[in-house]
Structures are given as structure tokens and as C-alpha cells.
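A structural walkthrough
Here's the letter readout for the chains.
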Amino acid sequence: MTTFPPDPTDPARPDAVPTRTDGGSARPEVDVVLPCLDEAEALPWVLARIPRGWRALVVDNGSTDGSAEIARGLGATVVREERRGFGAACHAGLTAATADIVCFCDCDASLDPSLLVPFVREVRAGEADLVLGRRRPRSRGAWPAHARAGNFALARMLRRRSGLRLHDLGPMRAARREQLLSLGLTDRRSGYPLQMVVRAADAGWRVREHDVPYLPRTGDSKVTGTWRGTWQAVRDMSRVLAEPSTAPAAAPAPAARRG
């Protein structure tokens, strides 16, 4: 993993003075991890919606369309992750983050990162440990039927595995950085978001879920846009659900709360 620009303000360096995307020099209030693979068209829309005082960490996962240069030019901090995989990109962003609270959001303009503000508020207030966005499609083509079916099946499997009653395993979420690192996440493919929820449930975290509008993405989907991509994602996530529980023997099953 490489973070650019390589200068004394580079937030990935242990001796760095983190830089804010709004031009300040203070530690960011929140870091937003944006895994990115050829999202040049979507980046201006996404980065324009990062709340003031927060920092966008665009994790370039091998783009060939100039995404990294566009993101850097728009004020984001760019992290380069050579290992391909959604989980690899997400975890590279998490380890590069320095803010107390870290958010995750897709970089394809299907989700509005400004809607993470109430998520962060809940985590900061100690009302929840992990806040997730339940995607609500705003048009028929925003969420293909096969992708929705796969997500529904996985949510039911998660409920049986952990007792956690969620409706969506989407990418939009917020939690404290140190707590996330303590989960010891190992999946570097499509199972990363699910592994985060499973291990959070095993650890007894308070998990909440809130509706968020889901828009048609910009560009081609790398995962759920095809049956093959969806099948690979479901296979990755099924492996995560098959992992042994890391919960203490006497730990009660957590309950998700909706806003």
C-alpha cells in the first residue's frame, strides 16, 4: 500500500501532520474511505459531498482512467493499494486513516457520503458502535434483481449465524477506528463488509441500521452488475459466514436497531 503525496503531511506516515481536504492542517474530524477502481466520472460528484472538516481517503485499486489524479486534484488523499479486491482497498483505507471515526462509502455515486453525518453523530454520542446504511433504490435500475436477491439471502444467513436482524449488508457505514482494527479483519475480497458485521456481532457491538437512498451508479459495476460478479460476492460472503464464531461463550446475541 502506498499513499500519495509522499510529503511530511502525508497522513499515512506515523510522523505526519494530517491534512484536511478543506485546506486546513488539523487532524480530520472523520475519515471517509472510498475504495476506487476506475471511477473518474463519479469522483467529482462524490467528493463534492464529503462534509466540511472530514477527509476523503480515495483508495486507488489499480485504476487506469486517471481516477487517482482526479481525486488528488479535487483535494482528496489518495492511497494506492496494489492488491486487487474490495476488501483490500477498504482495509488499506482503514489502516491509512487517523481520525477517531472512520466511514466507508462506495465511490460510484450510488450513495451520498453527506448522509453519513447522522451515522457519525450516533457513534460519537456512544449510542451505537457500528451504524449501517440500508439501501433504498430510487429507480428500478439502481439495484439489479439478482443483486438484491443475493443480499436478501445473505441477510437471512447472517441472522441465523449471529442473531443480528439486518436488512442490508451494504457498504455505507461508520464506526470508531480503533474498534474496527480490533476486529482483526482478514477478508480482502467481497466478504470484507460482511466480516466486519459478523465480528462486530460476535464482539457484542451495538449495531444500528438506517435507510439511505440508493441511486443508479455511474459507470459499470465491478461486482453486482453481473450474475457472475454477484455469485462471486455471495461465495466470498458465504465463506465468511462459515467462519467459527469469535464471541465469548456466554455472550448474548446482539440486536440491531433501526432509526
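Report follows, based on the coordinates.

1. Comments concerning the overall build of the chain
The secondary structure content of the chain amounts to eight helices and nine strands. Burial analysis of the chain (259 residues in total) assigns 51% to the buried set. Long-range contacts, defined here as pairs at least 24 residues apart, represent 76% of the contacts in the chain between residues at least 6 apart. If you sum the accessible surface of the chain, you get close to 11,600 Å²; carbon and sulfur atoms cover 52% of it.

2. A closer look at the packing of helix α5 (residues 145-162) against helix α7 (residues 192-202)
The packing of two helices is summarised by the inter-axis angle and the distance between the axes. For the pair α5 and α7, the least separation of the axes is 10 Å and the interaxial angle reads 25°. With respect to each other, α5 and α7 are oriented roughly parallel. Classified by chirality, the crossing of α7 by α5 is right-handed. Counting all contacts with α5, which are made through Leu 158, Arg 161 and Ser 162, the residues of α7 involved are Leu 194, Val 197, Val 198, Ala 201 and Asp 202.

3. Observations concerning empty space enclosed by the protein
Gaps left between atoms are located by rolling a probe of water-molecule size over the structure's atoms. Within the structure shown, the criterion is met by one cavity of 30 Å³ or more. Space inside the largest cavity adds up to approximately 60 Å³. Taken together, Pro 35, Phe 86, Cys 90, Phe 104, Cys 105, Asp 106, Pro 171, Arg 173, Tyr 192, Pro 193 and Met 196 make up the full set of residues lining the largest cavity. Taken together, the elements giving at least two residues each to the lining of the largest cavity come down to α3 (86-96) and α7. By residue number, the principal contributor to the lining of the largest cavity is α7, which donates three residues.

4. What about the layout of surface pockets?
As a volume, the second largest pocket reaches approximately 180 Å³. Taken together, Arg 134, Arg 135, Arg 136, Pro 137, Trp 143, Arg 148, Asn 151, Phe 152, His 167 and Asp 168 form the lining of the second largest pocket. Per-element tally for the lining of the second largest pocket: the top contributor is strand β6 (residues 130-137), with four residues. Among the residues making up the lining of the second largest pocket, the classes are represented as three nonpolar, two polar and five charged.

5. Quick word on the side chain of Asp 106
Within the secondary structure, Asp 106 is located in the loop between β5 (101-104) and α4 (117-124). Buried charge Asp 106 goes without a salt bridge, the closest partner of opposite sign being Arg 135 at 5.5 Å.

6. Focus: the pairing of strand β2 (residues 30-36)
Most of β2 sits out of view: seven of its seven residues are buried. In terms of strand pairing, β2 meets β5 through four bridges, oriented parallel. Each bridged residue has a counterpart across the sheet, and for Val 32 the counterpart in β5 is Cys 103. Judged from the six bridges that link them, β2 and strand β3 (residues 55-60) form a sheet pairing that is parallel. If you follow Pro 35 over to β3, its bridge partner there is Val 59.

7. Regarding α5
Residues lying three or four places apart along an α-helix face the same way, a consequence of the helix completing one turn every 3.6 residues. The first and last C-alpha atoms of α5 sit 26 Å apart over 18 residues, in line with the 26 Å expected at 1.5 Å per residue. Every buried residue belonging to α5 is among His 146, Ala 147, Gly 150, Asn 151, Leu 154, Ala 155, Leu 158 and Ser 162, and all of these are buried. Trailing α5 by a residue or two, Gly 163 shows a phi angle of about 85°, which is positive.

8. Considering the pairing of β3
Counting buried positions along β3 gives six out of six residues, so the element sits mostly inside the fold. Going residue by residue along β3, you find Arg 55, Leu 57 and Val 59 tucked away on one face and Ala 56, Val 58 and Asp 60 tucked away on the opposite face as well. Pairing of β3 with strand β4 (residues 77-80) involves four bridges; the strand directions are parallel. Residue pairing for β4: Asp 60 is matched across the bridge by Arg 80. A crossover links β3 with its parallel partner β4, the connecting element being helix α2 (residues 67-73), and its sense is right-handed.

9. With respect to the pattern of salt bridges
If charged atoms from side chains of opposite charge come close, those side chains can pair. Using the criterion set out here, one finds twelve salt bridges in the structure. Close ionic contact of Arg 217 with Glu 39 constitutes a salt bridge, the shortest N to O distance being 3.1 Å. Highlighted residues: Arg 217 in the loop between β8 (207-214) and α8 (227-241) and Glu 39 in the loop between β2 and α1 (43-47), separated in sequence by 178 residues. Put simply, Arg 217 and Asp 108 hold a salt bridge, and the shortest N to O gap is 2.9 Å.

10. Focus on unusual backbone geometry
A positive phi angle, close to 55°, is found at Asp 38, a residue other than glycine. For Asp 38, the location among the structural elements is in the loop between β2 and α1. The class of Asp 38 is partly exposed, set by a relative accessible area of 29%. Of note in this structure, Ala 109 is not a glycine but carries a positive phi near 70°. Within the secondary structure, Ala 109 is located in the loop between β5 and α4. The class of Ala 109 is buried, set by a relative accessible area of 7%.

What counts, and at which threshold
- Residues numbered from 1 in each chain as written.
- Predicted model: local features only at pLDDT ≥ 70, side-chain atom pairs only at ≥ 80, totals over all residues.
- Heavy atoms only, no water.
- Helix = DSSP H or I, 4+ residues; strand = E, 2+ residues; numbered from the N terminus.
- Buried < 20%, exposed > 50% of the residue type's maximum accessible area, 1.4 Å probe, protein only.
- Contact = heavy atoms within 4.5 Å.
- Areas by Shrake-Rupley, 256 points an atom, 1.4 Å probe, with all protein chains shown as cover.
- Axes fitted to C-alpha atoms, helices over the stretch in contact; angles between N-to-C directions.
- Parallel < 35°, antiparallel > 145°, perpendicular 65-115°, else oblique.
- Left-handed = near helix turned anticlockwise from the far one by under 90°.
- 1 Å grid on protein atoms, 1.4 Å probe; cavity = no way out; pocket = protein on both sides within 12 Å on 5 of 7 lines; lining within 4 Å.
- Points joined across faces, edges and corners; volume = space filled by probe spheres on them.
- Nonpolar A, V, L, I, M, F, W, Y, C, P; charged D, E, K, R; others polar.
- Lys, Arg positive; Asp, Glu negative; His and termini not counted.
- Salt bridge = Lys/Arg side-chain N within 4 Å of Asp/Glu carboxyl O.
- Pairing = 2+ DSSP bridges.
- Expected span 1.5 Å × (residues − 1).
- Right-handed = clockwise from strand over helix to strand, strands pointing away.

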